[in-house]
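Chains, contacts and geometry: an overview
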Amino acid sequence: MRIFVARLPGTPVFDPVGDQIGRVRDLVAGLRPGRRPNVHGLVVEVQPRRRVFLPITRVRRIEAGAVVFSGRLNMRRFEQRASETLVVGELLDLSVRVGGEPVTVYDVAMEEVKPSTWEITKVAVYRRRRRDPRVVDWSEVSGFDVLQQDQGAAGLIAAFASMRAADVASALHHLPAKRRVEIARALEDDRLADVLEELPPDDQVGILGTLGPERAAHVLEEMGPDDAADLLHELPDEQATELLALMEPGEAAPVRRLLTYPEDSAGGVMTSEPVILPPSSTVAEALAQIRQQDLSPAVAAQVYVSRPPTETPTGTYLGVAHFQRLLREPPSTLLGAALDPSIDPIRPEFTLIEVTSYLANYNLVAAPVVDELGRLVGAVTVDDVLDHLLPEDWRERDDT
């Protein structure tokens, strides 16, 4: 049985009784001079974002969409040894040679050579200019032991294609710094923006600093204004000012407004782009807006209603219509008749503790933020609050 490794990341892992305990993130192998690498096991991510090691001897079945193991899984955090190689993270996109000809690795295959013993047997490569893929035996390839300055990223990005941004961020965080930068540089701006939003601040700052000012400004434009503002808060004032000046004025304006609020206030954590409609819109139009795929569940949980203009800061704020109420109303109902009169907005200067109490008291996942002129300036969601109340290094904690 031959399995191509680039297809494994994200595959669910099931215990002997059929319960899913995590997902595959990488394959661990040992390179051996003159011999095919032996597979040591899988790196499996379990909640909460902890990476553990699953020995290949425990794997009973690998099939489309599932890895099944036997025995017990050691929950100790995975630590890569000096003699080990992460196949997906470190071998894909390497420049190697086949018969003296330079080629690039885009996948490798492993096979079970005897019960519970797996080896990497095949290498899928292509010539850089012609892009003509072919599969060759491991013994035909040379160059895996050569340190490369610019490894490329196409193969690893392809392996990440179906993964959620938070999972890609977790994978990047655990890669060597060199590979992390190579992947970040190769990602499309919108995808990189989504991934940056899920990375720890130190990783965000490190990656942004390698992109160059123009590219960094474009990536910031693709991020949510609140996330972009949080990242700019982490940068030196001079660098933040330069990047804001390079951003499109329409994209920079909401970020600049958010930067005027204290970081630990409702204004400092809110999103300035909730779903906003005038009272003359219908329930059908509101439902169409919250069905947008790029909205987070918390943002899509309600529609805010205001007088024009309907971009923050809006005209006079009128109220909020929750999606459950929208589902109960006829599609032709005007939003002005579907408002919840019991929810009062909060002010930008509310502290995070006050915002948390407000959300808890009313069992809400989001709350409108209104300024002293009665204009909607944004909305605070429960995930915004959690991001700022949790310890600063919570994204990096995989061993608790």
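Here's a quick rundown of the structure. What you see as residue numbers is a count from 1 along each chain, following the sequence as written. This being a predicted model, a pLDDT of at least 70 is required before a residue's local features are given, and a value of 80 or more before pairs of side-chain atoms are given or counted; all residues contribute to the totals for chains, interfaces and linings. In computing side-chain values, all of the structure's heavy atoms are included and hydrogens and water are not.

1. A look at the pairing of strand β5 (residues 50-55)
Counted only if it meets this: One bridge is not enough; two strands pair if DSSP finds at least two bridges between them. Where helices and strands are cited, they refer to DSSP runs of H or I of at least four residues and of E of at least two residues respectively, numbered from the N terminus.
Note: strand β4 (residues 35-46) against β5, six bridges, orientation antiparallel. Paired with valine 44 across the two strands is valine 52, which belongs to β5. Hairpin connection from β4 to β5: three residues lie between these consecutive antiparallel strands, with arginine 49 at a positive phi of about 55°.

2. Points about unusual backbone geometry
Cis rather than trans, the peptide bond between proline 308 and proline 309 has omega equal to 0°. Here proline 309 shows up in the loop between β15 (302-306) and β16 (317-322). Note that the residue after threonine 312, namely proline 313, is joined by a cis bond; omega there is -10°.

3. Some details on the packing of aromatic side chains
For clarity, the threshold we go by: Two aromatic rings from Phe, Tyr or Trp, using only the six-membered ring of Trp, form a pair when their centres are within 6.5 Å; if the ring planes differ by under 30 degrees the pair is stacked, by over 60 it is edge-to-face, and anything between is tilted. Summary of the burial criterion: residues with accessible area below 20% of their type's maximum are buried, those above 50% are exposed, and those between are partly exposed, where the area comes from a 1.4 Å probe applied to protein chains only.
The tally for this structure, following the rule as stated, stands at four aromatic pairs. On the numbers, 5.9 Å between centres and 35° between planes, the contact of tyrosine 106 with tyrosine 126 is tilted. Taken together, the residues tyrosine 106 in strand β10 (residues 101-114) and tyrosine 126 in strand β11 (residues 117-126) connect sequence positions 20 residues apart. What makes tyrosine 106 partly exposed here is its relative accessible area of 30%. Taking the relative accessible area as the measure of exposure, tyrosine 126 reaches 10% and is therefore buried. The interplanar angle of 50° and the centroid separation of 5.1 Å between the aromatic rings of tyrosine 358 and tyrosine 362 together place this pair among those described as tilted. Of the two residues, tyrosine 358 and tyrosine 362 both sit in helix α14 (residues 352-362), four residues apart, roughly one turn of that helix. Tyrosine 358 sits in the buried class, given a relative accessible area of 9%.

4. A few points about the pairing of β15
Of all the five residues making up β15, five are buried; the element is thus mostly covered by neighbouring parts of the structure. Neither face of β15 is exposed, since Gln302, Tyr304 and Ser306 on one face and Val303 and Val305 on the opposite face are all buried. Across two bridges, strand β14 (residues 276-277) lies against β15 in parallel orientation. Residue pairing across strands places leucine 277 opposite valine 305, the latter belonging to β15.

5. Some thoughts on the packing of helix α8 (residues 225-234) against helix α10 (residues 249-259)
This is how it is decided: For helices, the axis comes from a line fit to the C-alpha atoms of the stretch in contact; other axes are also lines fit to C-alpha atoms, and the angle between any two N-to-C directions lies between 0 and 180 degrees. Reported orientations rely on four angle classes, namely roughly parallel under 35 degrees, roughly antiparallel over 145, roughly perpendicular from 65 to 115, and oblique for the rest. What makes a crossing left-handed is the near helix being turned counterclockwise from the far one by less than a right angle; a clockwise turn instead makes it right-handed. Whether two residues are in contact is decided by their heavy atoms, any of which lying within 4.5 Å being enough. Following the grouping adopted for this structure description, the nonpolar residues are Ala, Val, Leu, Ile, Met, Phe, Trp, Tyr, Cys and Pro, the charged ones are Asp, Glu, Lys and Arg, and the polar ones are all others, Gly among them.
One way to put it is that α8 packs onto α10 with a least axis distance of 9 Å and a crossing angle of 60°. With respect to their mutual orientation, α8 and α10 come out oblique. Pair α8 / α10 crosses with right-handed handedness. Of the residues in α10, those in contact with Pro225, Asp226, Ala228, Ala229, Leu232 and His233 of α8 are Pro254, Val255, Leu258 and Leu259. Residues belonging to the contact of α8 with α10 are distributed by class as follows: eight nonpolar, one polar and one charged.

6. Some words on the sheet that holds β16
Overall, mixed pairing links the three strands, which are arranged β14-β15-β16 in an open sheet. The open sheet is flanked by β14 and β16, the only strands paired with a single partner. Bridge count for β15 against β16 is five bridges, and the pairing is antiparallel. Directly across from serine 306, in β16, lies its bridge partner tyrosine 317.

7. So, the side chain of threonine 121
Within the secondary structure layout, threonine 121 lies in strand β11. The contacts of threonine 121, once residues within four sequence positions are left out, are Arg36, Ala109, Met110, Glu111, Val136, Asp137 and Trp138.

8. Thoughts on the environment of valine 28
Structurally, the position occupied by valine 28 is in strand β3 (residues 20-32). Here valine 28 falls in the buried class, since its relative accessible area comes to 0%. Residues valine 28 and glutamine 80 lie 52 residues apart in sequence; the distance between their C-alpha atoms is 8.4 Å. Apart from residues lying up to four places away in sequence, valine 28 is in contact with Val39, His40, Gly41, Val43, Phe53, Phe78, Glu84, Thr85 and Leu86.

9. Concerning the pattern of salt bridges
This is how the line gets drawn: A carboxyl oxygen of Asp or Glu within 4 Å of a side-chain nitrogen of Lys or Arg is what we treat as a salt bridge.
For the coordinates displayed, the defined rule picks out 20 salt bridges. When the shortest N-O distance is used, the salt bridge between arginine 134 and glutamate 101 registers 2.8 Å. Of this pair, arginine 134 sits in strand β12 (residues 134-137) while glutamate 101 sits in strand β10, placing them 33 residues apart in sequence. Accessibility expressed as a relative area gives 29% for arginine 134, which makes it partly exposed. Look at the salt bridges and you will find they share partners, linking Arg25, Glu45, Arg51 and Asp167 into a network.

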